[in-house]
Every structure is written in structure tokens, then in C-alpha cells.
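Reading the structure
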Amino acid sequence: MKETTVGKAKGILKNFLIEPFVPHKQEEEFYVCVYATREGDHVLFHHEGGVDVGDVDAKAQKLLIGVDEKISEDLVKKNLLTSVSNDKKAILSSFIVGLFNLYEDLFFTYLEINPLVVTKDGVYVLDMAAKIDATADYICKAKWGDVEFPPPFGREAYPEEAYIADLDAKSGASLKLTLLNPRGRIWTMVAGGGASVVYSDTICDLGGVDELANYGEYSGAPSEQQTYDYAKTILSLMTREKHRDGKVLIIGGSIANFTNVAATFKGIVRAIKDYQVPLKEHEVTIFVRRGGPNYQEGLRVMGEVGKTTGIPIHVFGTETHMTAIVGMALGHRPIPNQPPVAAHTANFLLNSSGSTSTPSSSRTASFSENRARVEASPAKKVKTGAPAAKATTLFSKHTKSLVWGMQTRAVQGMLDFDYVCSREEPSVAAMVYPFTGDHKQKFYWGHKEILIPVYKNMGDAMKKHPDVDVLINFASLRSAFDSTMETMQYPQIHTIAIIAEGIPEAHTRRIIKTADEKGVTIIGPATVGGIKPGCFKIGNTGGMLDNILASKLYRPGSVAYVSRSGGMSNELNNIISRTTDGVFEGVAIGGDRYPGSVFTDHVLRYQDTPGVKMIVVLGEIGGTEEYKICQAIKQGRITKPVVCWCIGTCATMFSSEVQFGHAGACANQASETAVAKNKALKEAGAFVPKSFDELGEIIKSVYDDLVAKGVIQPAEEVPPPTVPMDYSWARELGLIRKPASFMTSICDERGQELIYAGMPITEVFKSEIGLGGTLGLLWFQRRLPRYACQFIEMCLMVTADHGPAVSGAHNTIVCARAGKDLISSLTSGLLTIGDRFGGALDAAAKQFSKAFDSGMLPMEFVNKMKKDGKLIMGIGHRVKSINNPDMRVQILKDFVKQHFPSTQLLDYALDVEKITTSKKPNLILNVDGFIGVAFVDLLRTCGGFTRDEADEFVEIGALNGIFVLGRSMGFIGHYLDQKRLRQGLYRHPWDDISYVLPEHMSM
């Protein structure tokens, strides 16, 4: 197999298409292409096709079919087929219309045929290239069939990539892995789609492109188990081949909005412990930088595992610039001996000023000046048919919102933000959740509890809350489109934030078109939202309250930003708060290919907002929106300083195409690369750093210049009001302790896997311990020997039923025939179990054990019980006798004698049986008595229990549980039998009842 070079990529050609040869002439070849853009779908046609078609963008005829518009043969003939002979126009127009309809129906985003051959015999597709929208899988699965998405040419498909893709598909979180160079020495494990690109950029900027082993990300609050599975995959890959210079692992990330950093780090720590030996053998050094909820505990745990394992692990928090650890890992900057210790999460939530007063309302003005409150500017009324104007100010201190979805944590975060911003009323007016009836949900407003209404129907919520003008849509990717389109029917809504990731692009374009027509601003999809300090925050934006306070987001500053990434927007909050007087407003427009609003929508709003003094834009590879900023600067439409950086500069250095974490982060042409856009922005007059590493320095430089010129006048800080910490979060941070309401030691369902008495459920099945072994774990907290598990199962089998005449079965049948349900009928039967029916197991075990342990001879025991006037429990049977033995007892006896190490108590009971049957043949050791004494032998001699433990299980009633569990099977059987036979209400016959008068009347 010979290696081939295509562009920069080198690889082996493995897949070949073999098709029948179609004889045709050159003039019978045509070119046709359909591709998607924000405005609609473009159809390109050229009357000359084939390999020498040339620059089709310049030569081809073009037809734009707008979103929701229909194509027709007349349109095609008029706009595309002007150079085609009349005899072929009909068939080509029909084919192109059919092709376009197929393109739409199957959610294609690109479809190119070259050449398309039309002969007298028919139409032939000789070569085709296409892209489908993978997010439409849930719609098109049946039509697509099983579609495989192969890696690009030049990169092999690895089973580990497929494993992570499978984990991703089964999770609500996002898990991505692309192997670039499995022999490389630089490995990454980065949280967040935007952050993962920034780390790759920085590694490449510092000369590490040839040694970069992988690209990937984990985000969206993965569980500890999911993070463990992801981390162990990477650690397994990086410890397969040694590198002469050792290896580095960069565990990085921006400041999380809602992911519990300590929880995800626990999974990574587990993986590091499992791989500590190969990690040391391969001389791996680990660098960690993270922020977000509970990050201090996460960093502490990570630092501890470094000390206990001996692996060099360098840990940093939000005090360190996000990508500084890359320079440390690659030897370009020194590693601090003692990094600054960030305050604990809890410290931010305690009022350090000693003042309990609420800060003055003037704090809601810009931090750099005192001015009157600016109300949200409503959308202006325009003539019918023209696009409606959108509001310049999206949020104010009086903004009211609806939240679609039962997102109680996000709503509570919004209310805490409102309170710390000294808002007079909560920003959440109501919630909409179609899967429950109308009710009220309890939340905290500062120290007191309040109720927020939840509506099943969107219309009811709108009608009862006419002051609402913002919707925060937490609907899933499957229902986000319908709920958003429904919301836009209500003219009171002027802003919608769509949080879901993975909405099909065709649906997003329809949302955008409707929003433009109605003057609605869309933030998202695939976003965390946005924040306006002192006024309003969308859902989880800005993270938890500790980050809100650390980044001073409770009051406005002078800097407004717009970003694609939600995680990176929180990093911008941190950078801006450390280098300027803070954020005035920030929006994350989302990582999809077609965000509902684009960079310029927000940059122009900031330009027209007096409180904004400078603008920060964090752009990205893919798309051309940043060029509109260049144009606006050149035309003088934007006059305020703009600091801009486009992430994804590493893409031009990779030999094969890499799909980054955001769906829209992919350059389809040279102008869409981050390098080209950064160059254009700098030439247009924007402030562009050399790398993301320098972004904070450029922001500070521009800010300091504005302060020096008097444009910004920093105001004095005023402490925000204290917000109490939630009990659950305080417990998570280890700040409080509380006695548990009850304790349990047999089962733990909290982790990724159910655990029975310390044994994972997968191990329970793998070990094939059966029902008896499971009962041993849950009842006795022991892994019992095989023979003990078999004996328990035999006991359950022989006690399962004893006919309909016994009291328990009789009660169950009567109850079932009275029309009662299964649980009621079963309970009715179980309530009859006691000393006279079925409850003899415990009593027999206790009586025989006491007599045997005291040294009493069998005859002495029988005589004593007779003298005391007590029955010997477990002795006697109504039907069976020494001459008509109970086969159940015989089966159990044979098994016990063959497998038990010792049967001392059973032998004692059999000696007692010899005495009692000599007096009366039916005074045999019955099945209850046999199981009782045999179980005592089992507990005492199987080696799993001390004598005291064995006696305790007898004392607390464990043996009766065997009868209850076994007989429940029979009772359920009787219930089902009566229902199946459709038996009517039971009434006891008169002739089976002896009616007698009271004694004093019968004399």
C-alpha cells in the first residue's frame, strides 16, 4: 500500500468506488451544487461539468432559495438553465427540483454533483460529494439508515475515538476525542468546547504542533464515572509508547458555569491512581488549571493525589491565566513554587464588610459614572411586511423572564444574582413545563422563601404575566424548535435565549427568519446565555455566586464583550474583572454554525450604549461574521475601542481537518480561518493580541489608556448584600455537618453503578452468585459460599407455596376476588404469618439453639417443654408423618448432609424428632423447623460469621424472612390465578358456618 499526499495530508487510499462506465459526450456533462447559508440554500449550475470545470463560484449560475421558500421548475429554467439546449431543459429542471427536495428532506448541508451526465438514455450521477447535518439524526434516522462518519483523509480511525463517541451519545454531557499523533508527548484533557480550541492554539503557538497528541473536550457537567472513563482512555493511550523527553498532560479549562469541578476531578483522580505506575514509568508531568463551582476542593484533591502517588502535578486556579500552564508545560515560562491561594468558595458568601445594609441603588448605573437608568428600548413598530427593528437594550434592572423547563438550580442562581444586585423583584416571573400540571415551585429570595408559578401551557403564562419580555428556553434539542416558534407568536417577547446544543441547522435557520420578521433577538442555540451586571443574567451564566462576586458581576463596569463559547465567556468575566473596572454586559452567542444573533448585532448595540466604553470580541474559526466588524470599523460605524481575538489558529497547522468542539468551528475556505480573520481585524483598526495568552494584557492596556484620557472614571467599590448559602451546597463544600436521619450499610445507589454490600452490580452478575448470593449480600452483608447460596434458593423454592387452603393463601384469594389490587392482596396474605402459620422458623431456631447450647439432652428438652406447657416450634404436621414423610424436608436434608461442614443443631433436632414421633407419628420435624435449625448450622459453620453475629441474625428475625420471601411468590401466584380465572366476589357458604347462640341464651 503506497502513501499518497492530498493537500497537506498524507495517507493510504483504502476506499474505492467502482461504477459502471457510462459512454457520453463532453457536452452532456453538467455541474450542479446545493449548499446551505444563513439566508437560505444556494443552487449552483454550470452547463459545462467534469474535472476541468474550473472556478465554479465565478462561472456558475446561482439561485438562492430562501428559508421556507419553495423551488420550482420555472425558477430553475429562468435562473440556472439559460445556457442549456431546449431539449434538455425539461429533464434538468425536473432533476434539480427533485434533487433540492431530497436535499431538504434528508437535511443535507452540502451536495455537489460533478459531472451530472444527461444522455438520451437518462440522467447519471457520475461523481458526488455531500455533507449531512449529523444533529438531524433523531429526525432522519429511518431515512438515513446506519451512517458512518469516517475520519478525514490522513488520519486513522481509532477504537478509542469510537469508544468516546459512544460515551458521548449515551450522555447528556459532551465528550469528544480526536487523535492527532498517538506518539506525541503533549496530551490534553480540557473542559469546554471553546477552551479546548484555545489550549490547542497555545500549544501550536509555542511550537508544540508536531508533538500534540490529541484534541478533545469534556463539558456539560459529566458525572464522575463518565469523567473517569474519559480520563482513563487518554491515560491508556499516552502510556503505550515512551518518549525520550517524557510526556506532559495538560488538564485545563475555563471557569465553569455550572459543572461541579470537584465531582469531575474525582473521576480524573481515580484514573490517575489506576495508572500511577505507567504514568511514572513514562515520566508524565501533569499541569492543572481550572475554575468554577467547588474548584478549590477539586484542585486540593488533585494536588493530594500528586503527593500520594509521586507523580509531579502542578495545580493552579483562577488566579493564573487560563493558558499559562501551557508555557510552563513546554518550558517557556517558570513554574511558580507557591501559586497564590484563592479564597475558598464560602468566603465570598460571607459579608466581610460587617455591614448588613443593602448597597445604594446607584450601583446599578455604570461603574464609571452615575447616570439615570436606561430602560429597555422596545422594538419600533414598522409597516407590515418589513423586518421589525430589534431592541438596543435587551435587559434592564426591571426585566422579567419566563423559564421554559424545570431548571430549578438555574432559576435559583438567577434569583441569587438578582438579590446580590439589589433588584427590587425577582427576574423570573414564572416557569413553563408541559409535563406537569399548573403548580407553584418554592425558591429563596435572599433569606426568605417565595413561590414562583409553573404553568403547563405557554399561553397561560403569557396571559398572566404581560410584563414578561424574555424567554430562557431550556428545552431539549428535540423540542427547542417547537417551543421557540410558539414563543414568537407572543408579541410581548423581544429576547429568547436557547440553551440546547444540537438543534438541526435547518430548524435554526427557520427560527432566525421568524425572529428577524418579528424583531426578536435570539441568543443561542448552544449557549449558556449572557449577563448584564446589576440587571439580569440568563440561567447559569457567570457560574455560581462565588464567581459572580469574585468577578464583580453584581455591578456594571465599562467593558462589554461578545463570545461564541459559554465557558470562555466566564473566562472573559474573570480576565476583564482583573484588568478593568468590570463587565457592563456580556453575551455568548453560541457555538453552532448559525447562531441566532451574530457578533455585529451585539457589537453595534454596545456602540450605541453610553455605558459601554470599550468592546471585547472573542471570535472563532469558521464563518465570516468578524469581517463585518472590520467593515463597521472602517466605515466609522464603530468608534469605540474593540479588542478582538479569533480562536482556532491551530487549524491551519494541522495536516488533516479537525472538527473542534463547536459545530460552527470549521473553516470551509481560507477567509474563514482564525489567522486570516485576526489579520483583517488588526488591519481594520481593532486591538489584536499576538495570542490568547496576551489578551488580558491588551485589554488592560486599552482600559488604562481610556482611564488616562478620562473616558472612564473608576468608582468606589460598594459591597453587595449577603446571600445565604444553600444547605446542600454548604454540605458539598464541607462547611457544615448534620446527623443523618437514618443509616444504611447494605446498598449504595449514588454512584455510576449500584452497589450491594460493597459489590458492584456488574460483579454480582459476573460472579453468577444468583438469587441466594444476592440475598446473602443484602441480608447478611457477606459473600456466602456457593453451597450456602444454593441452600437459600432451595429454601425459597420449598416454601414458595403449600396450596390454597392455608390461611395466607386463603386471605390472598379472598382479597383478590374482592377486586383488590396485587399489593393489597399480597399484604393480606402476609399479615397471617406468625407463630401459628409460617413464623416457626425463628422460634424453632431459638428453642433448639437454646436447648443445645445449654447442654440439655434431647429427652430433657422434650420433657421440659411438656412440663412448661409449651409447644416445640418446628415439630408436628397436620398431614405428613414418620410413615408419610414430607419430601421437601427430605430434599433439604440430603443437600445439607452432603454440603454443610457441620450439622450439630440439625442432628440434635433429628434426635428430638425420634422422641416426639415415638409418641405420635405426625410429630415430625417439619419444613419450618428444618430450615430454622439448618440455617443456624449454616450461619455458625460457613466461616463468614462470628458466633455472636450468627446468634444476632436469628434474634432479629432473619430466618422468618426466608419464609416471607418464599411464600410471597406463591401468594402472587394465587392472586394472578384468581384474576386469570375471573373469579367473582367470594362469599363463604352458610352450610360451612356453625351458627350458635350465646351461652346464656341457649341454656
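Residues numbered from 1 in each chain as written. Predicted model: local features only at pLDDT ≥ 70, side-chain atom pairs only at ≥ 80, totals over all residues. Heavy atoms only, no water.

The name an unreviewed UniProt entry assigns to the protein is ATP-citrate synthase, from the organism Amphiprion percula. Recorded in UniProt under Subunit (unreviewed entry), the annotation for the protein is "Homotetramer." (UniProt positions renumbered as here; feature names shortened; annotations may be inferred.)

With respect to the packing of helix α29 (residues 840-853) against helix α34 (residues 947-955)
At a minimum axis separation of 9 Å, α29 and α34 run at an interaxial angle of 140 degrees. When the interaxial angle is binned, α29 and α34 end up oblique. For the pair formed by α29 and α34, the contact residues are D842, A845, K846 and D853 on the first element and R947, V954 and E955 on the second. Residues of the contact of α29 with α34, tallied by class, amount to two nonpolar, no polar and five charged. (Axes fitted to C-alpha atoms, helices over the stretch in contact; angles between N-to-C directions. Helix = DSSP H or I, 4+ residues; strand = E, 2+ residues; numbered from the N terminus. Parallel < 35°, antiparallel > 145°, perpendicular 65-115°, else oblique. Contact = heavy atoms within 4.5 Å. Nonpolar A, V, L, I, M, F, W, Y, C, P; charged D, E, K, R; others polar.)

What about the packing of aromatic side chains?
For the structure on display, the rule yields 19 aromatic pairs. Here the aromatic rings of W779 and F780 are separated by 6.4 Å at their centres, their planes lie at 70 degrees, and the arrangement is edge-to-face. When the centroid spacing of 5.8 Å and the interplanar angle of 50 degrees are considered together, the rings of F791 and F935 count as tilted. On the criterion of sequence distance, the pair formed by F791 in helix α26 (residues 786-798) and F935 in helix α33 (residues 927-941) is long-range, its members being 144 residues apart. Across the pair, F935 and F791 agree in class, each one buried. We note R270 situated over the ring of Y228; from NZ or CZ to the ring centre the distance is 4.0 Å. (Phe/Tyr/Trp six-rings, centres within 6.5 Å; stacked < 30°, edge-to-face > 60°. Buried < 20%, exposed > 50% of the residue type's maximum accessible area, 1.4 Å probe, protein only. Lys NZ or Arg CZ within 6 Å of the ring centre and 35° of its normal.)

Regarding unusual backbone geometry
Here the bond from N114 into P115 is cis, since omega is 5 degrees, no more than 30 degrees from zero. Following the sequence through the fold, P115 ends up in strand β6 (residues 108-119). The phi dihedral of A757 is positive, around 50 degrees, even though this residue is not glycine. Assignment of secondary structure puts A757 in the loop between β29 (755-756) and β30 (759-760). The class for A757 is partly exposed, based on a relative accessible area of 27%. At Q781, a residue that is not glycine, the phi angle is positive and equals roughly 55 degrees. Mapped onto the elements, Q781 comes out in the loop between α25 (770-780) and α26. Residue Q781 is classed as partly exposed on the basis of its relative accessible area of 34%.

A few points about the pattern of salt bridges
Scanning the entire structure with this criterion turns up 36 salt bridges. Between E571 and R289 there is a salt bridge whose closest N-O contact spans 2.8 Å. Of this pair, E571 sits in helix α18 (residues 566-579) while R289 sits in strand β13 (residues 284-289), and the two are 282 residues apart along the sequence. For the pair E571 and R289, one class covers both residues: buried. (Salt bridge = Lys/Arg side-chain N within 4 Å of Asp/Glu carboxyl O.)

Considerations on the nonpolar core
Grouped together as the largest cluster of nonpolar side chains are 100 residues, with contacts concentrated most on M614, V616, V617 and F692. Of the residues that make up this core, three or more belong to each of domain 2 (159-334) and domain 3 (401-688 + 696-709). The contact partners of V617, leaving out residues within four places of it in the chain, are V562, F599, V603, I629, V642, V643, C644 and W645. (Core = buried A, V, L, I, M, F, W, Y, C linked by side-chain atoms within 4.5 Å. Domains from an automatic or database assignment.)

A short note on the sheet that holds β30
Sheet strands pair by backbone hydrogen bonding; their relative direction is either parallel or antiparallel. Read from one edge of the open sheet, three strands run β28-β29-β30, paired in antiparallel fashion. The strands lining the two open edges of the sheet, one partner per strand, are β28 (747-748) and β30. In this structure, β28 lies alongside β29, joined through two bridges in antiparallel fashion. From the neighbouring strand, C747 faces β29, where its bridge partner is Y756. (Pairing = 2+ DSSP bridges.)

A look at the UniProt feature "domain: CoA-binding" (unreviewed entry) in the protein
Within this structure's numbering, the places UniProt gives as "domain: CoA-binding" (unreviewed entry) are residues 394-503. Secondary structure within residues 394-503 divides into 25% helix and 29% strand; the distance between the first and last C-alpha atoms comes to 24 Å.

What to know about the environment of L572
Mapped onto the elements, L572 comes out in helix α18. Through-space distance from the C-alpha of L572 to that of Y561 is 7.9 Å; in sequence the pair is 11 residues apart. When near neighbours in sequence (up to four residues on either side) are disregarded, L572 contacts Y561, S563, V616, L618 and L695.

Focus: the layout of surface pockets
Space inside the second largest pocket adds up to approximately 1,200 Å³. Lining of the second largest pocket is provided by 35 residues; of these, R836, I875, G876, H877 and N926 occupy positions nearest its centre. Contributing elements (two or more residues each) for the lining of the second largest pocket: α30 (858-868), α32 (904-919), α33 and α35 (958-980). Tallying contributions element by element places α30 first for the lining of the second largest pocket, with three residues. Of the residues that constitute the lining of the second largest pocket, the class distribution is 14 nonpolar, 12 polar and nine charged. (1 Å grid on protein atoms, 1.4 Å probe; cavity = no way out; pocket = protein on both sides within 12 Å on 5 of 7 lines; lining within 4 Å. Points joined across faces, edges and corners; volume = space filled by probe spheres on them.)

Comments concerning helix α27 (residues 807-817)
For α27, the complete set of buried residues consists of G808, A809, T812, I813, C815 and A816. Down the axis, α27 shows its buried residues gathered within 165 degrees of arc, on one side only. For α27, the elements touching its buried residues are α28 (822-830) and α35. Of the residues flanking the end of α27, it is G819, one or two places downstream, whose phi is positive at about 90 degrees. (Arc of directions from axis to C-beta.)

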